Amino acid sequence: MQPNTRIITAWLLVTGAQAFVLPRVGGGTFRNTVSDNSSDCAPFEKGSFSIDAFQLYPENMDWDARLCQLYIGILFNASFGVYDPYDHRLQVHSFPGATLIKEFHVGGVAWDQHSGLASVIIGQGNAFETSGVNISGDNFITKYDPRAGKFLWNLNITAVTQGIYGGFNDITHDLAGNTYFCGTFPSSILKVDAQGTAVVPWYLPETVNHTIRGYSGIAAHGNSLVTLDSGTGKLFRFDATAAKGTPVPVPHVPEEPFVRGDAIRLPLKYGGRVLLIAQHLRGVAVLRSSDASWTTAEFLGLVPNDPTLPDGALTTSMTQISDRIFTVTDWFADPIVPGTVAGNKTSFPMVDITDQIEALLSKKPWAA
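Let us look at the structure shown here. (Residues numbered from 1 in each chain as written. Predicted model: local features only at pLDDT ≥ 70, side-chain atom pairs only at ≥ 80, totals over all residues. Heavy atoms only, no water.)

**As for the nonpolar core**
Phe80 and Ile357 are the most contacted members of the largest nonpolar core, which has 62 residues in total. Sequence-distant contacts of Phe80, defined by excluding residues within four places in its chain, comprise Tyr71, Ile72, Ile74, Gln91, Val92, His93, Phe95, Val109, Val120, Tyr144 and Phe151. Among the nonpolar cores identified, the runner-up in size contains 15 residues, and Ala219, Leu235, Leu275 and Ala285 belong to it. (Core = buried A, V, L, I, M, F, W, Y, C linked by side-chain atoms within 4.5 Å. Buried < 20%, exposed > 50% of the residue type's maximum accessible area, 1.4 Å probe, protein only. Contact = heavy atoms within 4.5 Å.)

**With respect to the packing of aromatic side chains**
Following the criterion strictly, the structure yields 23 aromatic pairs and no others. Members of the aromatic cluster, joined through ring pairs, are Tyr180, Trp202, Tyr203, Tyr215, Phe236 and Phe238. (Phe/Tyr/Trp six-rings, centres within 6.5 Å; stacked < 30°, edge-to-face > 60°.)

**A short note on helix α3 (residues 354-363)**
Where α3 is concerned, the buried positions are Thr354, Ile357, Leu360 and Leu361. The arc enclosing the buried residues of α3, seen along the axis, measures out at 130 degrees, which places them on a common side. Facing away from the buried surface of α3 by more than 90 degrees, the exposed residues are Asp355, Ser362 and Lys363. In this structure, the buried side of α3 is in contact with β22 (274-279), β23 (283-288), β24 (297-304), β26 (324-330) and β27 (347-352). (Helix = DSSP H or I, 4+ residues; strand = E, 2+ residues; numbered from the N terminus. Arc of directions from axis to C-beta.)

**Quick word on the state of the cysteines**
Under the criterion given, the structure shown has one disulfide. Each sulfur of the disulfide joining Cys41 and Cys68 lies 2.2 Å from the other. Classification of the bridge connecting Cys41 and Cys68 rests on its S-S torsion, roughly -95 degrees, and on that basis the disulfide is left-handed. Pair noted here: Cys41 is in the loop between β2 (17-18) and β3 (49-52) and Cys68 is in the loop between β4 (58-64) and β5 (69-74), with a separation of 27 residues, a long-range link. Grouping residues by exposure puts Cys41 and Cys68 together as buried. (Disulfide = S-S within 2.5 Å.)

Limitation: the analysis is restricted to geometry and does not speak to function.
What follows is the structure in structure tokens.
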């Protein structure tokens, strides 16, 4: 399977009319690196809004602070979206051999603030649907160049894992341009060098049992990686400069397990000092490390799920848009439309939780 940049669907969302659109060019001045709390993007002051696109079902999103656009993992249709929130334009890229094939999902997407490129995981949905009992089938990771509008390389993950572990979903990057992504069944972290030469196992547990739930989220600040073990509800820290990963527990107070966790984020606007954890049935847990070291953390509280969302709503991730923070909401149990691979939803809410996060941060002053 080779990724294809052919646009299969694009929606002019303001009117709901179907239209083919060109990639959005630029949104700010290009720089080699976007610093952790900077953005060239115009303010986004619309508050909560919806992305209106049939069967979008977003599992994950990430904000490109250079080009001022969102990257979307379109879960069940197994495709990749590029969304302009200012103009409400969505571009969808297909992956021949995976897109619109039931076995494949696209969940993990992440923008690299250092290279300006985006990473996408095209994986098997069965690992999550069976809680790790069935992890068969090929999984891929690919790299997208948003300025060129094309994919640069594509690697087969399963050729490395030999089908012994799986469930790959969340992605991050270090200062050297290396890509890291975590597996859930069981906990694992794999690494790809900046050139996209090869996938290599970077961390594996002593006992590899793919029926044990583990890492669901990974995020980076500099060369420190933070992971969430959604099986135990605990956080761990890794040193990206090490040849192999060694998990170091990140204690937090007050102590509370982050159960039913999914993706995690260190939003750019907080300079690596605030960690957000998506919890499907609860909302977003907010933690702080005042020096961004993540040797320890404060658990500040929870931003609860919006009770007005349609039944079955699950918080799967968070994303920054300009200097605002939004939840990513998905529905895993919608009945599949006959002849397709997804449900019938056409509107997907983006709930602005910035003010609730700020309220939690202000309850306790930042450490000096």
